Amino acid sequence: MTLTGKHLIAGEWTAGQTTFRSEPAHGPAHDFAAGSPALVAKAVEGAEAAFWTYGYSTREDRAAFLEAIAEEIDLRGDAITEIGTQETGLPAARLVGERGRTTGQLRLFASHIRMGNYLDRRHDAALPDRQPAPRPEIRMVQRPVGPVAVFGASNFPLAFSTAGGDTAAALAAGCPVVVKGHSAHPGTGEIVAQAIDAARTRCNLHPGVFSLVQGGTREVGEALVTHPLIKAVGFTGSLRGGRALFDLCAARPEPIPFFGELGSVNPMFLLPSAMAARGVGIAQGWAGSLTTGAGQFCTNPGIAVVIDGPDADTFTQAATAALTSVGPQTMLTDGIAQAYRSGRDRIAATAGVQQVLTSVCDLRNATPYLYSTTGADWLANHALGEEVFGPLGLIVRAKDADEMLTIARNLQGQLTCTLHLDDSDTALGQHLMPILERKAGRILANGFPTGVEVVDSMVHGGPYPASTNFGQTSVGTLSIRRFLRPVAYQNLPAALLPADLA
């Protein structure tokens with residue numbers, strides 16, 4: 001594949017007035033056109049023009065488009081893996097697996113919209129003889145909201161970026177998409193955009209159905225979320241950046257929904273019988289989960305809550321031994337590596353925190369760190385519950401089961417919470433469950449949360465600050481609901497109803 005270094009704006013590969021250079025972990029750097037508010041406006045206007053046909057297209061046509069995108073991505077698989085590994089430092093096997101997830105979710109949405117259940121069609125027949133007043137006929141169906149903005153994520157160059165879950169869900173719903181590409185992997189983004197454009201041409205769709213705006217300053221993202229023709233935003237990234245965009249969406253003359261997935265510490269609660277029976281194995285599994293992909297997952301389980309005592313000592317020793325064997329790993333960007341070191345320093349300098357495993361990392365490398373604190377000190381310091389993006393773990397030693405429950409009650413919103421328990425831990429688990437249900441979008445038992453299945457039942461979201469809309473998900477077919485709104489039709493003749501109701 002040949003990189004153009006350009007934006008894709010409503011079917012045209014377009015240069016910008018300025019450029020930026022990629023910063024790959026290895027291999028050659030490339031120059032790319034930088035975005036601007038003017039390019040954003042052109043892309044959004046193209047999306048609005050496309051909506052008048054794409055928003056009223058058949059489910060079969062949209063399903064065929066999603067499948068064509070998946071096919072075109074697979075045709076470019078080797079090129080995507082090559083540049084993706086260069087730009088991110090991720091191993092080839094990870095990129096191949098993530099490409100399979102990306103194409104799999106495109107095909108899943110194709111199947112989902114063909115079935116039509118997501119439309120939530122409802123019909124109340126007319127009752128002309130009802131007293132004291134007749135009832136009209138009312139039908140209801142979900143309709144696409146209009147052009148959608150999607151922000152590519154740094155940590156998933158495929159599955160949460162150009163053709164990732166947000167894009168797939170929006171296109172499935174009937175919404176044209178404008179992607180703000182992430183500057184960490186612009187070459188990967190461009191090749192995927194080439195695949196989408198090839199699929200668009202194959203399916204003879206309006207060119208404005210998809211655009212990619214590369215790089216640019218903060219004002220480019222601001223211009224995208226504040227453009228009056230954008231009707232919803234999908235975002236995966238930092239709490240600080242996401243909150244700034246969320247506030248812009250809320251401050252618009254016409255506020256729009258901002259679906260931000262902003263990260264989480266994903267605490268694990270290790271209950272006494274499970275700790276006594278298999279604490280070493282849990283510690284080893286935790287170390288593996290904590291360091292996979294250099295810990296650069298939004299579901300990374302950064303906190304382990306245990307009850308103080310000999311079993312907690314054994315768990316700590318086993319986790320330390322397992323983490324010690326993990327060598328330096330390349331992080332996605334220099335900025336992420338620096339933020340990781342800053343987070344490490346913040347945790348290490350907090351009163352009541354003890355260093356269990358320390359190491360040395362510099363440049364773009366990450367090595368594991370492990371710290372310990374008491375339940376009382378964790379409860380006294382809100383900062384200990386904030387995410388450190390990377391392979392850093394914190395063991396919180398509660399004095400007893402009651403303090404473990406208090407820690408759970410004081411959690412912020414989370415993407416996941418995990419229980420490690422045996423049958424004899426059921427009573428404590430039953431006390432924890434009502435609390436954890438209010439704190440997280442996904443609760444799991446005797447596992448680790450870094451695997452997120454792309455299925456109908458998945459919820460990847462949670463109360464703020466895990467996400468900005470606790471009623472939605474960014475993974476799984478339920479995510480299509482973010483880009484739909486219900487419309488009721490009263491006494492309309494069949495000729496005027498949407499095709500999905502007629």
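Residues numbered from 1 in each chain as written. Predicted model: local features only at pLDDT ≥ 70, side-chain atom pairs only at ≥ 80, totals over all residues. Heavy atoms only, no water.

A. Seen up close, the packing of aromatic side chains. A complete count under the given rule lists 14 aromatic pairs for this structure. Here the aromatic rings of Phe246 and Phe258 are separated by 6.2 Å at their centres, their planes lie at 70 degrees, and the arrangement is edge-to-face. Of the two residues, Phe246 is situated in helix H8 (residues 239–251) and Phe258 in strand S11 (residues 258–261); the sequence distance between them amounts to 12 residues. The exposure class assigned to Phe246 is partly exposed, which follows from its relative accessible area of 26%. The buried category is assigned to Phe258, whose relative accessible area is 3%. Arranged with centres 5.6 Å apart and planes meeting at 20 degrees, the rings of Trp286 and Phe315 form a pair that is stacked. (Phe/Tyr/Trp six-rings, centres within 6.5 Å; stacked < 30°, edge-to-face > 60°. Helix = DSSP H or I, 4+ residues; strand = E, 2+ residues; numbered from the N terminus. Buried < 20%, exposed > 50% of the residue type's maximum accessible area, 1.4 Å probe, protein only.)

B. Geometry of the environment of Glu12. If you trace the backbone, Glu12 turns up in strand S2 (residues 12–14). Given the relative accessible area of 44%, Glu12 is considered partly exposed. Note: C-alpha distance between Glu12 and Pro253 (241 residues apart in sequence) is 31 Å. Residues within four places of Glu12 in sequence aside, it is in contact with His7 and Lys42. (Contact = heavy atoms within 4.5 Å.)

C. Representation of empty space enclosed by the protein in the model. For the structure shown, the criterion picks out 4 cavities of 30 Å³ or more. The volume enclosed by the largest cavity comes to roughly 140 Å³. Estimated volume of the second largest cavity: approximately 90 Å³. Phe259, Gly260, Glu261, His460, Gly461, Ser467, Thr468, Asn469, Gln472, Thr473, Ser474 and Arg482 are the residues that line the second largest cavity. Looking at side-chain class alone, the lining of the second largest cavity contains 1 nonpolar, 9 polar and 2 charged residues. (1 Å grid on protein atoms, 1.4 Å probe; cavity = no way out; pocket = protein on both sides within 12 Å on 5 of 7 lines; lining within 4 Å. Points joined across faces, edges and corners; volume = space filled by probe spheres on them. Nonpolar A, V, L, I, M, F, W, Y, C, P; charged D, E, K, R; others polar.)

D. The side chain of Glu403, seen in detail. Among the structural elements, Glu403 can be located in helix H13 (residues 401–409). Buried charge Glu403 goes without a salt bridge, the closest partner of opposite sign being Lys399 at 4.7 Å. Aside from chain neighbours lying at most four places away, what touches Glu403 is Gly375, Ala376, Leu379, Arg397 and Ala398. (Lys, Arg positive; Asp, Glu negative; His and termini not counted. Salt bridge = Lys/Arg side-chain N within 4 Å of Asp/Glu carboxyl O.)

E. Broad picture of the nonpolar core. By size, the foremost hydrophobic cluster in this structure holds 90 residues, and its most contacted members are Phe65, Phe210, Phe269, Leu432 and Phe483. The dominant element in this core, judged by the number of residues it contributes, is helix H2 (residues 59–75), at 7 residues. Phe210 has contacts with Leu8, Ala10, Gly11, Thr162, Thr167, Val177, Val179, Ala193 and Ile196, leaving out every residue within four places of it along the chain. Listed in part, the 22 residues of the second largest apolar core include Leu224, Ile230, Leu245 and Ile256. (Core = buried A, V, L, I, M, F, W, Y, C linked by side-chain atoms within 4.5 Å.)

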